[in-house]
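Residues per chain are reported as follows:
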Amino acid sequence: MTQRNSILQGVLLLLFVGVLLLVGVQVAEGIARNKIGVDWSVFGRKASYGNDDVNYLAKFFQALWFTVRISLLSIVLALLLGIVVGVSRLSSNPVVRGVSSFYVELFRNTPLLIQIFFWYFALVAALPEGVRLALGDALGNAFNVPGLGEAVIASVGALSIYTSSYIAETVRAGIQSVPKGQFEAASSLGLSGTQALTQIILPQALRVVIPPLGNQFLNLTKNSSLVHAIGLSDLFFWNVQVQSGEGQGVVAIISITLGYLLLSLTITGILNLINGRLTLPSR
């Protein structure tokens with residue numbers, strides 16, 4: 001039986017490799033047939049955008065680093081908001097429960113791009129001028145995009161709140177997966193509701209929800225590609241500039257695909273390490 005399975009796996013692997021080769025050949029023939037230019041030397045050319053005198057390769061790494069930073073900040077805020085909203089969804093107070101439910105349904109069921117535009121053109125503009133300018137300057141300088149601080153505020157706000165609405169449901173499900181006996185045991189020990197939640201329930205729930213949380217972190221990182229719509233120089237913005245300025249669409253698409261793949265694999269690896277540390281040893 002084992003030998004039979006090995007042969008079957010070998011055949012499936014060869015079939016998979018064959019399909020990949022076939023797709024690769026078809027893509028190469030399509031590029032040649034349509035006379036699409038593929039010139040990797042574009043990385044050494046001076047970038048056609050920005051004030052700094054650097055080439056497209058340097059701009060690519062700048063865009064990659066920007067994507068990493070805006071994703072990390074948004075992930076932290078989304079996680080904090082998601083935990084608060086997820087706990088509120090289970091509140092015994094009907095007002096708190098209703099507001100948190102409305103929050104989740106509103107932001108989960110409206111497109112992220114619209115939320116980014118709403119933040120940029122409405123919410124950020126509605127901030128007190130002093131707060132808006134101070135926060136915008138701080139974030140613009142921190143992200144090395146002076147003059148675009150308000151776009152950073154809008155992007156981080158939209159990405160964080162949109163993702164937190166999904167994280168909230170994940171946290172809620174994680175809390176509900178903890179046996180009710182844990183609540184009762186905490187109560188019998190004299191712990192308050194808050195103490196039971198923070199010291200007994202949440203630690204167990206978060207251990208359960210690490211894998212689905214990882215999916216949300218990955219989604220947020222990929223969703224950050226939408227911030228180019230309000231002028232921020234992320235990976236997708238770099239792709240647009242290379243395509244429009246140099247006509248190298250294939251090179252640009254392959255490059256940012258590899259960039260996002262690298263970020264996703266890194267996040268997955270880190271989460272796997274965390275999950276391995278938190279997994280309880282089997283008895």
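Residues numbered from 1 in each chain as written. Predicted model: local features only at pLDDT ≥ 70, side-chain atom pairs only at ≥ 80, totals over all residues. Heavy atoms only, no water.

Enquirer: Account for the packing of aromatic side chains, with residues named and values stated.
Expert: A full pass over the atoms with the stated rule returns 11 aromatic pairs. Measuring from centroid to centroid gives 5.7 Å for Phe-66 and Phe-143, while their planes differ by 65 degrees, and the two rings are edge-to-face. In this pair, Phe-66 is assigned in helix α2 (residues 56-88) and Phe-143 in the loop between α5 (129-142) and α6 (149-177), connecting sequence segments 77 residues apart. Pair check on accessibility: Phe-66 and Phe-143 agree, each one buried. Note on Tyr-103 and Phe-107: the rings are 5.0 Å apart at their centroids and 65 degrees apart in plane angle, and the pair reads as edge-to-face. Placement of both Tyr-103 and Phe-107 in helix α3 (residues 94-108) is noted, with a separation of four residues, approximately one turn of the helix. Each of the two residues, Tyr-103 as well as Phe-107, counts as buried. The rings of Trp-40, Phe-43, Phe-60, Phe-61 and Trp-238 are connected pair by pair, giving a single aromatic cluster. Above the ring of Tyr-49, the side-chain terminus of Lys-59 is found at 4.8 Å from the ring centroid. Over the ring of Tyr-166 we find Arg-108; its NZ or CZ atom is 5.8 Å from the centre of that ring. (Phe/Tyr/Trp six-rings, centres within 6.5 Å; stacked < 30°, edge-to-face > 60°. Helix = DSSP H or I, 4+ residues; strand = E, 2+ residues; numbered from the N terminus. Buried < 20%, exposed > 50% of the residue type's maximum accessible area, 1.4 Å probe, protein only. Lys NZ or Arg CZ within 6 Å of the ring centre and 35° of its normal.)

Enquirer: Which residues make up the environment of Asn-55, and what values go with them?
Expert: Mapping Asn-55 onto the fold places it in the loop between α1 (2-33) and α2. Sequence separation between Asn-55 and Ile-31 is 24 residues; the distance between their C-alpha atoms is 25 Å. When near neighbours in sequence (up to four residues on either side) are disregarded, Asn-55 contacts Phe-43, Gly-44, Arg-45, Lys-46 and Ala-47. Here the side chain of Asn-55 touches Ala-58 through a polar contact of 2.9 Å, landing on its backbone nitrogen. (Contact = heavy atoms within 4.5 Å. Polar contact = N/O pair within 3.5 Å; in protein donor to acceptor, adjacent residues only side chain to side chain.)

Enquirer: Can you lay out the packing of α3 against α6 for me, pointing to particular residues and giving the numbers?
Expert: As a packed pair, α3 and α6 sit with axes 8 Å apart at the nearest point and diverge in direction by 125 degrees. The angle between α3 and α6 places the two elements in the oblique class. Once α3 is placed against α6, the crossing between them reads as left-handed. Contact residues: Tyr-103, Val-104, Phe-107 and Arg-108 in α3; Ile-161, Tyr-162, Ser-164, Ser-165, Tyr-166, Ala-168 and Glu-169 in α6. Residues belonging to the contact of α3 with α6 are distributed by class as follows: seven nonpolar, two polar and two charged. (Axes fitted to C-alpha atoms, helices over the stretch in contact; angles between N-to-C directions. Parallel < 35°, antiparallel > 145°, perpendicular 65-115°, else oblique. Left-handed = near helix turned anticlockwise from the far one by under 90°. Nonpolar A, V, L, I, M, F, W, Y, C, P; charged D, E, K, R; others polar.)

Enquirer: Can you lay out the pattern of salt bridges for me, pointing to particular residues and giving the numbers?
Expert: For the structure on display, the rule yields seven salt bridges. Where Arg-132 meets Glu-150, a salt bridge forms, and the shortest distance between an N and an O atom there is 2.9 Å. Here Arg-132 is found in helix α5, whereas its partner Glu-150 is found in helix α6, with 18 residues between them in sequence. Taking relative accessible area as the criterion, Arg-132 reaches 17% and is therefore assigned buried. (Salt bridge = Lys/Arg side-chain N within 4 Å of Asp/Glu carboxyl O.)

Enquirer: Before we move on, could you go through the nonpolar core and cite the residues and values that matter?
Expert: Core analysis: the biggest nonpolar cluster contains 43 residues, and Phe-66, Phe-143, Val-152, Phe-217 and Leu-232 have the highest contact counts within it. Breaking this core down by element, the ones donating at least two residues are α2, α3, α4 (112-126), α6, α8 (193-223) and α10 (249-278). Those residues in contact with Phe-66 that sit more than four places away from it in its chain are Phe-143, Val-145, Val-227, Leu-232, Ser-233 and Asp-234. Val-42, Trp-238, Val-251 and Leu-263 belong to the second-largest nonpolar core, a separate cluster that totals 17 residues. (Core = buried A, V, L, I, M, F, W, Y, C linked by side-chain atoms within 4.5 Å.)

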